[in-house]
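Each chain is listed here by its residues.
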Amino acid sequence: MASKKIDRLSFDATLEELETIVHQLEQGSLPLEEALKQFEQGVHLVRAGQQKLEQAEQKIQILLSKAAGSDQLAPFQPEQGEE
């Protein structure tokens with residue numbers, strides 16, 4: 001899967017793809033070259049997932065600041081136990 005295709009995946013699809021790769025690597029039956037390729041793909045998926053989470057957090061901060069009537073971003077503070 002190319003990097004551009006990864007960027008188009010939803011967060012859930014990114015996680016599913018990553019779980020598939022982890023399962024394949026854990027089985028240990030892939031040839032070394034294929035395992036390295038899958039590992040590299042997994043790294044790209046992790047980075048894409050982190051970016052999607054950061055974007056979601058930024059949107060939450062914007063929505064919270066608008067709800068508070070402020071044009072400045074308010075830091076997102078999750079409730080206790082959600083971290």
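### What to know about the overall build of the protein
Turning to step 1, where the next piece is worked out: Secondary structure summary: the protein contains 3 helices and 0 strands in total.
Turning to step 2, where the next piece is worked out: Start at the N end of the protein and walk to the C end: the helices and strands fall as α-α-α.
Turning to step 3, where the next piece is worked out: By the burial criterion, 17% of the 83 residues in the protein qualify as buried.
Turning to step 4, where the next piece is worked out: Element-wise, carbon and sulfur atoms account for 52% of the exposed surface of the protein, whose accessible area totals about 6800 Å².

### Some words on helix 3 (residues 32-67)
Turning to step 1, where the next piece is worked out: The end-to-end C-alpha distance of helix 3, which contains 36 residues, comes to 52 Å, matching closely the 52 Å that a straight helix rising 1.5 Å per residue would cover.
Turning to step 2, where the next piece is worked out: Residues of helix 3 that are buried: A35, Q38, Q41, G42, L45, A48, G49, K52, Q61 and S65.

### Here we look at the nonpolar core
Turning to step 1, where the next piece is worked out: Judged by nonpolar contacts, I6, L18, I21, L45 and A48 together constitute the single largest core of 5 residues.
Turning to step 2, where the next piece is worked out: Counting only elements with at least two residues in this core, the list comes to helix 2 (11-27) and helix 3.
Turning to step 3, where the next piece is worked out: Not counting residues up to four positions away in its chain, the partners in contact with A48 are I6 and D7.

Cut-off values and rules
Residues numbered from 1 in each chain as written. Predicted model: local features only at pLDDT ≥ 70, side-chain atom pairs only at ≥ 80, totals over all residues. Heavy atoms only, no water. Helix = DSSP H or I, 4+ residues; strand = E, 2+ residues; numbered from the N terminus. Buried < 20%, exposed > 50% of the residue type's maximum accessible area, 1.4 Å probe, protein only. Areas by Shrake-Rupley, 256 points an atom, 1.4 Å probe, with all protein chains shown as cover. Expected span 1.5 Å × (residues − 1). Core = buried A, V, L, I, M, F, W, Y, C linked by side-chain atoms within 4.5 Å. Contact = heavy atoms within 4.5 Å.

All quantities given are derived from atomic positions and should not be read as evidence of function.
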